[in-house]
Amino acid sequence: MRKSLALFPLAVGGAALGSLLAGAAYCEWALPGGLPLGNVLAALALCAPAAAAVVLSPAGSWRRRASRAVLWAAALWLPLSVALAGNLALNFAGARGTAWLWLSLCTFVAALAALAWSLLGLLRHAGRGARMA
């Protein structure tokens, strides 16, 4: 049951990423307050693998702790991005744009690494169960 719960954040993140990559017109819609929907979709796409990693990791394990830390980092990506840009549209100039690219890349890689670590842990655990049977 727990493994199937991980499909939900992955499906949401996949849909968000798909919308962004397809250049969907609704990504430009302004939410109340002026934040573009595409920025929220990007944040969801970053949070999804980390959230799935939390669900897939055993409670109390180092994998769970690391996955939670990465999920927090992914959740803070949008507020940090807005702070770096100084605007809700995330229009950057100069060194702040470079810093944002590094922030985004590191967050994305960390989220994927957390998911990969959780999946490897599941595979290792499944392999042990198969050998014992």
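Structural data are supplied above this passage.
Rules used in this analysis
Residues numbered from 1 in each chain as written. Predicted model: local features only at pLDDT ≥ 70, side-chain atom pairs only at ≥ 80, totals over all residues. Heavy atoms only, no water. Helix = DSSP H or I, 4+ residues; strand = E, 2+ residues; numbered from the N terminus. Buried < 20%, exposed > 50% of the residue type's maximum accessible area, 1.4 Å probe, protein only. Contact = heavy atoms within 4.5 Å. Areas by Shrake-Rupley, 256 points an atom, 1.4 Å probe, with all protein chains shown as cover. Patch = residues over 30% accessible without salt bridge, like charges linked within 9 Å, V, L, I, M, F, W, Y side chains within 5 Å. Salt bridge = Lys/Arg side-chain N within 4 Å of Asp/Glu carboxyl O. Axes fitted to C-alpha atoms, helices over the stretch in contact; angles between N-to-C directions. Left-handed = near helix turned anticlockwise from the far one by under 90°. Nonpolar A, V, L, I, M, F, W, Y, C, P; charged D, E, K, R; others polar. Core = buried A, V, L, I, M, F, W, Y, C linked by side-chain atoms within 4.5 Å. Phe/Tyr/Trp six-rings, centres within 6.5 Å; stacked < 30°, edge-to-face > 60°. Lys NZ or Arg CZ within 6 Å of the ring centre and 35° of its normal.

Chemist: In this structure, what is going on with the overall build of the chain? I would like to understand it.
Modeler: Within the chain one finds 5 helices and 0 strands. Dimensions of the chain along its principal axes, counting C-alpha atoms only, are 60 × 30 × 20 Å. Here the chain holds 133 residues, and the buried ones make up 35% of them. Long-range pairs, those at least 24 residues apart, make up 60% of the contacts in the chain with a sequence separation of at least 6. Per element, the accessible surface of the chain, about 8100 Å² overall, is 74% carbon and sulfur.

Chemist: Please clarify how a nonpolar patch on the surface should be interpreted in this entry.
Modeler: On the surface, a cluster of nonpolar side chains totalling about 480 Å² of accessible area is made up of W102, L105, F108, V109 and L112. Mapped onto the fold, W102 is located in helix 5 (residues 95-132).

Chemist: Looking at this structure, I do not really get the packing of helix 2 (residues 7-22) against helix 3 (residues 37-56). What am I missing?
Modeler: Two numbers describe how helix 2 lies on helix 3: the axes approach to 8 Å, and their chain directions differ by 145°. Here helix 2 and helix 3 pass one another in a crossing that is left-handed. Between helix 2 and helix 3, the contacting residues are P9, L10, V12, G13, A16, L17, S19 and L20 on the first element and G38, L41, A42, L44, A45, A48, P49, A51 and A52 on the second. When the residues that make up the contact of helix 2 with helix 3 are grouped by side-chain class, the tally is 14 nonpolar, 3 polar and no charged.

Chemist: Honestly, unusual backbone geometry in this entry has me stumped. Any pointers?
Modeler: As a rule of thumb, non-glycine residues mostly have phi less than zero, and peptide bonds are mostly trans rather than cis. Even without being a glycine, L90 presents a positive backbone phi close to 60°. With respect to the helices, strands and loops of the structure, L90 is situated in the loop between helix 4 (62-85) and helix 5. Taking relative accessible area as the criterion, L90 reaches 12% and is therefore assigned buried.

Chemist: Can you help me understand the nonpolar core in this one?
Modeler: Here is a general trend for soluble globular proteins: nonpolar side chains tend to be buried in one another's company. One finds L35, A42, A43, L46, C47, A74, W77, L78, A85, L90 and W100 forming the largest nonpolar core, which totals 11 residues. Among all residues touching A43, those that are not within four sequence positions of it are W77 and L78. Judged by nonpolar contacts, the second largest core, of 6 residues, contains A24, C27, L37 and L41.

Chemist: In this structure, what is going on with the packing of aromatic side chains? I would like to understand it.
Modeler: Remark: the centre distance and the inter-plane angle together describe each pair of aromatic rings, the angle taken between the planes. Applying the stated criterion across every chain, the model contains 3 aromatic pairs. Pairing W77 with W100 gives two aromatic rings, centres 6.1 Å apart and planes at 45°, and the pair type is tilted. A residue pair is termed long-range when its members are at least 10 positions apart, and W77 in helix 4 and W100 in helix 5 qualify at 23 residues. For W77, a relative accessible area of 4% puts it in the buried group. Among the aromatic residues, ring-to-ring pairing joins W77, F92 and W100 into one connected group. Between the NZ or CZ atom of R65 and the centre of the ring of W62, over which it lies, the distance is 4.8 Å.

Honestly, it's all geometry; don't read function into it.
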